[in-house]
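Here are the chains, one letter per residue:
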Amino acid sequence: MKTSPFLRNTKDTPIILIGHSMGGLVIKKVYILAQQDPRDHLLASRIQCMFFLATPHRGSESARLLNNILRASTVLSPRQYIVDIFKGSPSLQVINDDFRGFADRLQLWSFYETLKTRTTPTSSVLIVERDSAVLGYKGEIAQPLNADHRSICKFDSLKDPNCISIRNSLSTAIENMLGKVFLNRTEETKLSIRRIETFLMISHNAEDDLITAEASKTEGTCEWVIDLESFQHWKIASSGKSLYFWVTGAPGSGKTVLATHIIRHLQGLGAEVCYHFFHHGTQQFIGGLLRQLAYQIALCHPDLLQRLYTMQNEGVTFDKDDERVIWRKFFLNEILNLHLERPQYWVIDGLDECADASKLFGLIVKLDASFPIRFCFTTRKRPDFDKHFSRLEPRPDTYHIEASRTMRDIETYIRDNATLLPVDGDESESLIQRIVTKSNGIFLWAKLALEELERVYSDESVDKVLEELPGEMASIYGKILHTMAVNTRELKLTKAILTWVICASRTLSIQELQVSLNLDLATNLKSVERSVEGLCGQLLRIDESGTVRVIHSTVRDFLLDQDLEIPLAIQEDIGHERLAIVCLRYLASDEMRPPKNRLLVQIPSTTTSAFADYACTLFSEHIIKASAQSDEVLGLLYKFFQTNVLRWIEYIARHKGDLFFVIQAARNLRHYLGRRVKYTSSLKDQCSFIEKWISDLIRVVAKFRENLIQFPSSIFYLVAPLCPTGSAISGQFNTTQNGFKLLGSGNANWDDCVSYIDYRGTRALSLTSGENVFAIGQKTGHVRIYHAATCQEKTVLNHGEPVKFLKFDNSTQRLFASGGRRLSMFSVSGTLLWTMDHRDAIAAASFSVSDNTVTVATRTSSIIHFSALDGQILPGESLGKRDIKQLKATTPQAIRSADVSPDQKIIAIAYQYLPVKVWSLEKDELLGTCWFKRDTPGKVCPPVSGVLFNPNPAVEVLAVASQDGELALFDSWTQQEIISVSGEAYILACTPDGRTLATGDMRGTIKLWDFDTLTLLYRIKSDGYEVRFLSFSSDGLRLYDIREAKTNVWEPSALVRKGLPDKSSISESVAQPATVVDRSHETVDITSIAAMGASQLVLVGRTDGLVALFDVSTASIRTRVYSHHHHLMVRQVSWSAEGYVAMTDVSSVLRIWAIPEIANSSVEAQQEVMEVEIPSLVQNIALSPRGCKILVCEALHDSIYWIPITAIPSTPRISTIKEDWHAIRTWTWLLQPLAGSDIVMVSESILHLYQTNDTTNEITLKSKITLMLDGSRLPSQVEKLNPTKTSIFLAVILPSTRDLNSPKVLIFSLDQSQDRTERSDDSELRNIEPVLCLRKKTVRMFIGWNQHSIVFLDTDLWICSIDMASVQSGSKRSYTVRRHFFILCELIGSDNGYNLAPVLAGETSIVFPREKSLSLIEGALSSVFMSEEVVQ
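Residues numbered from 1 in each chain as written. Predicted model: local features only at pLDDT ≥ 70, side-chain atom pairs only at ≥ 80, totals over all residues. Heavy atoms only, no water.

### Focus on the pattern of salt bridges
Next, step 1: Applying the stated criterion across every chain yields a total of 56 salt bridges.
Next, step 2: The partner of Asp 557 in a salt bridge is Arg 380, and the shortest N-O contact between them spans 3.3 Å. In this pair, Asp 557 sits in helix α25 (residues 553-559) while Arg 380 sits in the loop between β10 (373-379) and α16 (383-390), placing the two residues 177 residues apart along the sequence.
Next, step 3: Judged by its relative accessible area of 17%, Arg 380 is buried.
Next, step 4: Among the ionic contacts, a cluster of salt bridges with common partners joins Lys 320, Asp 658, Arg 705 and Glu 706. (Salt bridge = Lys/Arg side-chain N within 4 Å of Asp/Glu carboxyl O. Helix = DSSP H or I, 4+ residues; strand = E, 2+ residues; numbered from the N terminus. Buried < 20%, exposed > 50% of the residue type's maximum accessible area, 1.4 Å probe, protein only.)

### Some points on the pairing of strand β25 (residues 842-847)
Next, step 1: Here β25 lies mainly inside the structure; six of its six residues are buried.
Next, step 2: What sits between β25 and strand β26 (residues 853-858) in their antiparallel hairpin is a turn of five residues, with Asp 851 showing a positive phi close to 70 degrees. (Pairing = 2+ DSSP bridges.)

### Things to note about the environment of Thr 1047
Next, step 1: Here Thr 1047 lies in strand β43 (residues 1046-1050).
Next, step 2: Look at Thr 1047 and you get buried, because its relative accessible area is 0%.
Next, step 3: Between the alpha carbons of Thr 1047 and Val 1027 there is a distance of 9.7 Å; along the sequence they are 20 residues apart.
Next, step 4: The residues contacting Thr 1047, other than those within four sequence positions of it, are Ser 755, Tyr 756, Ile 757, Tyr 759, Ile 776, Asp 1041 and Ile 1042.
Next, step 5: Within the local environment of Thr 1047, its side chain forms a polar contact with the backbone oxygen of Asp 1041, the two atoms lying 3.3 Å apart. (Contact = heavy atoms within 4.5 Å. Polar contact = N/O pair within 3.5 Å; in protein donor to acceptor, adjacent residues only side chain to side chain.)

### Some details on the packing of helix α17 (residues 403-416) against helix α18 (residues 426-439)
Next, step 1: Across the interface, α17 lies against α18 with an axial gap of 9 Å and an inter-helix angle of 140 degrees. Between α17 and α18, the crossing angle belongs to the class labelled oblique. The interaxial crossing formed by α17 with α18 has right-handed handedness. For the pair α17 and α18, contact is made by Met 407, Ile 410, Glu 411, Ile 414 and Arg 415 and by Glu 429, Ile 432, Gln 433, Ile 435, Val 436, Thr 437 and Ser 439, respectively.
Next, step 2: For the contact of α17 with α18, the class distribution of residues is six nonpolar, three polar and three charged. (Axes fitted to C-alpha atoms, helices over the stretch in contact; angles between N-to-C directions. Parallel < 35°, antiparallel > 145°, perpendicular 65-115°, else oblique. Left-handed = near helix turned anticlockwise from the far one by under 90°. Nonpolar A, V, L, I, M, F, W, Y, C, P; charged D, E, K, R; others polar.)

### Topic: the sheet that holds strand β20 (residues 793-798)
Next, step 1: Ordered by their spatial adjacency, four strands build an open sheet running β17-β18-β19-β20, and the pairing between neighbours is antiparallel. Each edge of the open sheet is held by one strand with a lone partner, namely β17 (764-770) and β20. Strand-to-strand, the axes of this sheet are offset by a mean angle of 20 degrees, without reference to chain direction.
Next, step 2: Pairing analysis gives five bridges linking strand β18 (residues 773-778) to strand β19 (residues 782-787), with the strands arranged antiparallel.

### Concerning a positive patch on the surface
Next, step 1: A contiguous patch of positive charge on the surface is contributed by Lys 366, Lys 387, Arg 391 and Lys 905.
Next, step 2: Judged by relative accessible area, which is 39%, Arg 391 ranks as partly exposed. (Patch = residues over 30% accessible without salt bridge, like charges linked within 9 Å, V, L, I, M, F, W, Y side chains within 5 Å. Areas by Shrake-Rupley, 256 points an atom, 1.4 Å probe, with all protein chains shown as cover. Lys, Arg positive; Asp, Glu negative; His and termini not counted. Charge placed at Lys NZ, Arg CZ, Asp CG, Glu CD.)

### Quick word on unusual backbone geometry
Next, step 1: Residue Pro 394 is reached from Glu 393 by a cis peptide bond, and omega for that bond is -5 degrees.
Next, step 2: For Ala 522, which is not a glycine, the phi torsion comes out positive at approximately 50 degrees.
Next, step 3: With respect to the secondary-structure elements, Ala 522 resides in the loop between α23 (510-521) and α24 (528-536).
Next, step 4: On the basis of relative accessibility, which here comes to 72%, the residue Ala 522 falls in the exposed class.

### Digging into helix α27 (residues 612-625)
Next, step 1: Taking 1.5 Å of rise per residue, 14 residues should cover 20 Å, and α27 covers 20 Å from first to last C-alpha, within 8% of that figure.
Next, step 2: Along α27, the sharpest kink reaches roughly 55 degrees, centred on Leu 618. (Expected span 1.5 Å × (residues − 1). Bend = angle between axes of the 7 residues up to and from the residue.)

### Considering the side chain of Asp 356
Next, step 1: By secondary structure assignment, the location of Asp 356 is in the loop between β9 (344-349) and α15 (358-364).
Next, step 2: Taking relative accessible area as the criterion, Asp 356 reaches 8% and is therefore assigned buried.
Next, step 3: In this structure the side chain of Asp 356 is engaged in a polar contact, spanning 2.9 Å, whose partner is the backbone nitrogen of Ile 286.
Next, step 4: Leave out the neighbours within four places in its chain, and Asp 356 touches Gln 284, Phe 285, Ile 286 and Glu 323.

### Considering the environment of Gln 232
Next, step 1: The residue Gln 232 is located in helix α10 (residues 229-236) in this model.
Next, step 2: With a relative accessible area of 24%, Gln 232 lands in the partly exposed category.
Next, step 3: Sequence separation between Gln 232 and Asp 397 is 165 residues, and the spatial gap between their C-alpha atoms is 9.8 Å.

### Digging into the packing of helix α22 (residues 491-503) against α23
Next, step 1: Contact geometry for α22 and α23: axes closest at 11 Å, N-to-C directions at 125 degrees. Judged by the inter-axis angle, α22 sits oblique to α23. Here α22 runs over α23; the crossing is right-handed. Residue-level inspection shows Lys 492, Leu 493, Ala 496, Ile 497 and Trp 500 of α22 in contact with α23, the latter providing Leu 513, Ser 516, Leu 517, Asp 520 and Leu 521.
Next, step 2: Of the residues assigned to the contact of α22 with α23, the class counts are seven nonpolar, one polar and two charged.

### Quick word on the confidence of the model for the protein chain
Next, step 1: Taken over all residues, the pLDDT of the protein chain has a mean of 86, while the share at 70 or more is 90%.
Next, step 2: In this model residues 71-78 is a low-confidence stretch, pLDDT under 50, and it forms seven contacts with partners more than four residues away in sequence or in other chains.
Next, step 3: Below a pLDDT of 50 lies the segment residues 1316-1320, which in the model reaches twelve contacts outside its immediate sequence neighbourhood of four places, other chains included. (pLDDT = per-residue confidence, 0-100.)

### Observations regarding the packing of aromatic side chains
Next, step 1: Enumeration according to the criterion identifies 53 aromatic pairs in this entry.
Next, step 2: A ring pair is formed by Trp 346 and Phe 375, whose centres lie 5.1 Å apart and whose planes are at 85 degrees; its orientation type is edge-to-face. Taken together, the residues Trp 346 in strand β9 and Phe 375 in strand β10 connect sequence positions 29 residues apart. With respect to burial, Trp 346 and Phe 375 carry one shared label: buried.
Next, step 3: Seen in terms of ring centroids, Phe 641 and Trp 693 are 5.7 Å apart; in terms of plane orientation they differ by 20 degrees. Their pairing is stacked. In this pair, Phe 641 sits in helix α28 (residues 631-643) while Trp 693 sits in helix α31 (residues 684-710), placing the two residues 52 residues apart along the sequence. Both residues of the pair, Phe 641 and Trp 693, count as buried.
Next, step 4: In this structure, Arg 934 is placed above the aromatic ring of Phe 932, and the distance from its NZ or CZ to the ring centre is 4.4 Å. (Phe/Tyr/Trp six-rings, centres within 6.5 Å; stacked < 30°, edge-to-face > 60°. Lys NZ or Arg CZ within 6 Å of the ring centre and 35° of its normal.)

### Some details on a nonpolar patch on the surface
Next, step 1: There is a patch of nonpolar side chains on the surface, built from Met 1, Val 26 and Val 30 and spanning about 220 Å² of accessible area.
Next, step 2: Along the chain, the position of Val 30 falls in helix α2 (residues 22-36).

### Points about α2
Next, step 1: The terminal C-alpha atoms of α2, which comprises 15 residues, lie 22 Å apart, in line with the 21 Å expected from a rise of 1.5 Å per residue.
Next, step 2: The set of residues buried in α2 consists of Met 22, Gly 24, Leu 25, Ile 27, Lys 28, Tyr 31, Ile 32, Ala 34 and Gln 35.

### Observations regarding the sheet that holds strand β16 (residues 753-758)
Next, step 1: Pairing is antiparallel in the open sheet, where four strands are placed in the order β16-β43-β42-β41. Each end of this open sheet is capped by a strand with a single partner; those strands are β16 and β41 (1029-1032). Within the sheet, the average angular offset between the axes of one strand and its neighbour, ignoring direction, is 15 degrees.
Next, step 2: Pairing of strand β42 (residues 1039-1042) with β43, which is carried by four bridges, proceeds in the antiparallel orientation. Following the sheet pairing, Tyr 1040 is matched in β43 by Val 1049.

### Concerning the environment of Met 1092
Next, step 1: For Met 1092, the location among the structural elements is in the loop between β45 (1086-1091) and β46 (1097-1102).
Next, step 2: Met 1092 sits 308 residues away from Leu 1400 along the chain, and the two C-alpha atoms are 9.0 Å apart.

Written as structure tokens, this is what we have:
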């Protein structure tokens, strides 16, 4: 127990010991020894309960008999100490005496046998009688079990009464031990599970499907499958020998019931079983299967559950329909890395009902056979499945359900329901045989026959039923439908019910069907349940969970048959149009109206309809499958976007916890509009309006996802003001009620460039992206890892040489880096895992599926396999591959570009003036050459600039870009050109799903192409710098590039694409011209800003040497103060309320102007009053509030310059602050002198208060105070100081660290320093603690003071404020945070190297310095979204 890792890793978990027979004596002795040894007291304290099963505490009259029993059962060989446990044994007495002294701390449960154990064919005896099996201690619970000594711990099943008794007792004991802790943990676990359900979008419990399917099973049926040789081989096969068991059968042959039997059988063996049923009549996809399996596995493995929980908290997003992303993110990176001690069984029923079943095989075909997993599939027999299953290794164990097998089960089923037959006695036996024979092994036929026979009463009627009931299911369905159509009075309702159940995108509950039919038929049905059973009961059923289903998937196929000519036949596109119309009517109804006033936002929505979930999540699924010709659908869609679209978004965010359904709707609607283009209509304006909304939906989710999920009601009044004025959402909902307004954004439409990073002084050489991060390799040897969502730096690594190649592993846990002389492997957290010398540049690299190895191709054509764990070079044979020697031997020159296929079987290599060669990495053979059709084989061809395999293993296509502008696709295995276009491609990248190809050229243009057809989708014309690298984010929705000294982050809406469903109307689609975005205009950067107090002006400095006044009221430059003749960059600007403006440039020249009446000034009113060249680099300048002096900070000393009051510039008077400082110093003027002090400085945690004398030009130190935090001095470096106007509070802003708990903003009360005098000895200084501490996990940026309220940007991008009056000290330290609104990441997400923060202007507006301009939010603090108390 002491060495068990499971017990060591959970040091506070209580332990229950359970012992049977002699085992009970053993656990007593274990507990005694643990209590007596001080080293084991912790372990002893964890043992809190013991269960004794037939334990001979006082010995047994049958000691020798017990020995014989144990020997016969092979549990133990004979032991003398067993014989010695006779009644009154001294050994037992010692154990009992010692145990009694410690037992009062334990819960004791004793169970005794009541049945005698057979010892000979003719005799039996109680081995341990009750008086020996029960200790008789206080609090002990004694219970009898209906068992003998052998079976008291063995149970026939989970339903065994003895098993139930033990289970209930264990449950009670656990609850007693853990009490509230147990209950709290249970609730926490339930909450975690609910959150994981939301994260994985689990809409139903698979256990319900299992129970529903099991309800159709008759006791004694399906037993034959367990005895099949193929099943046994699959079930018990050793690792890697048999992964797949494939069961096929005719429609209606009982495959689903057979699957339930297999599941229950495996569960009964204690195996870990996950399963999924593809519902009858419901189109499902592989993405849903994988999410369901991941969820079930997580429930079995707490570590995985916690990991998924962490991923959700970290904001991990993924396309819920993209099976490749789900497989990589959850299976390859998580599940397949679990250390399983026993096999997992995955049972997948009805795979043939899946809309994209073929995609599953592309994923599992590469499974590592060593992972203990077993697949069981049930399908109909189809030729395409023969092809897919033949790809799997090892070859599946297969079985086709024979009619003879199912006929025996059908007979069992009929006999079990024989009371429903209209005959009895010998006639019953004859009728059973007739039914079984005619069923021909089809369960569904037998069930329908039984239902028909239940309604007849004469022999003639029985004969007629069996004669008229066709042998084929299609004929049976036709007969049933003709019978149903006879009831013409209810024909309309009957068809409505069938249409909803058949065309619904998921199964409907009886409540959902009730509301949908009432909306559809404009009536009020009394009982939908009775209507379903009475009108459609032969084809539909209501299961135990209240869900309406078809009796079999073949019913759906029959009703949707286009050749069916009966009144109840369903035309699929018309059916979907009908459902789409009903959904849209609901979405546009009053029930979905948004709040009419901002004050009503926090009141929960009254949306209570059972139909709300279906309509909100799946309306677009019906629109995309309906005919694009319908004007009614378009008109209702237009009405919905005009009225209730915000309530719909709020509903999805609040009830689904994810905005996937919003993106899904945008994809579907974009595809719908694309199909509608070919139809002439008077509704073109409505189409344009909806198209704008589609773009808005994509952008709103991308930019506001996290805050909308956390605060769903924020969609009503906080989002529209932040959207471009040309957007649909802004035009409709940006009203005065919002309380604030965004000005100066510069774009009437959405900007595709959401952020950028400027390197300033170095160059980027490589780029890669992973899960929620991207990394940039620089010439300096540094690798910078950034958060994908915020573009903020996360970690800096040092490779030690220019980083020319980067690659994340599949799980984004490690990063591979290469230069010209070295290889390194880092953890993403920043740890160097290994490094090695390697003087051969890397052309391509690929991690194995398990991430254990990395395969690289060098520029000199070497193929090397490294261990990702320690960098050891691995021979190819150890990986099941050949060492690649022929490639290097036959290579004529250095590799220009290369890429390894997703399955690591082949590599594509490009050389100078040679065609691309494709080489086998498994056999070390040249497979072929990719000749462009325009090329002449054997002749020199244009250089190839890039090669790239499609990352989707199922799409075996290679993209090749030539320097003459040609872009082509080749078959990876035949090397035949598929298609080529003039693409001017130089750099290639592809989205992880393999659907979109990106190219970059030397003129800075980025193009997005459809990878299948090379149709141009999008083009971004940017500045003239060439595109050197491209990489997509893990979700494929963002694109990163590298240019001369900058990385841009692009988010074009064209990346949100709809995958065409198998039956979508592709022929209706019309190719649309590519969208062109032009960002090639030249601009200049803002380098410094300074708010000008309560005025509506902000002072701005730029890289072109311009100093100007920015007018907040108009969001534009009002006055140009100065423009440098040589366009030297402005470094700092400052101002004073007395009418002075100051600046320094890169040559360290300080200039000051007097501008009387700044608010009304013009260029002519300016007067330069001072120009001084500072001898060293100026780090900061600050004009005094009254404007007669300016602080100038240099590297080694600081000075105050008194501004000359003359008509012409003259030499200023200077006072240098002479202190022995070598540390960093941070200064600020006090806006109102405090006890004579008007300027303060912090250095090495000491606050210095100085007084300046304008008459004598002297500077006097008045006081020094030590700034403390939690009893320790502050860090040596302070980033910024900011006092209130009254000088009562001082905000101390500290530099950011990587520790989220590190302090970021400290607020000190300067009142505590007024009575202090100068001290010479720092050890005598008074210490003061902050009245408020805000840490990095809370604050992203300090903005300023609004009276006595601190204003800041939090880490969730909310503009927040804290009134210092709300700050409570003492035993309960608390304060009240007011959330005003959140902002766009673009306002602060870019980094141009100048580290500019937002500023308060005019006290109510916030100005944000952006790349080339200023944006401002007017009325920023005028309203409060919500307030919350924070207790520290």
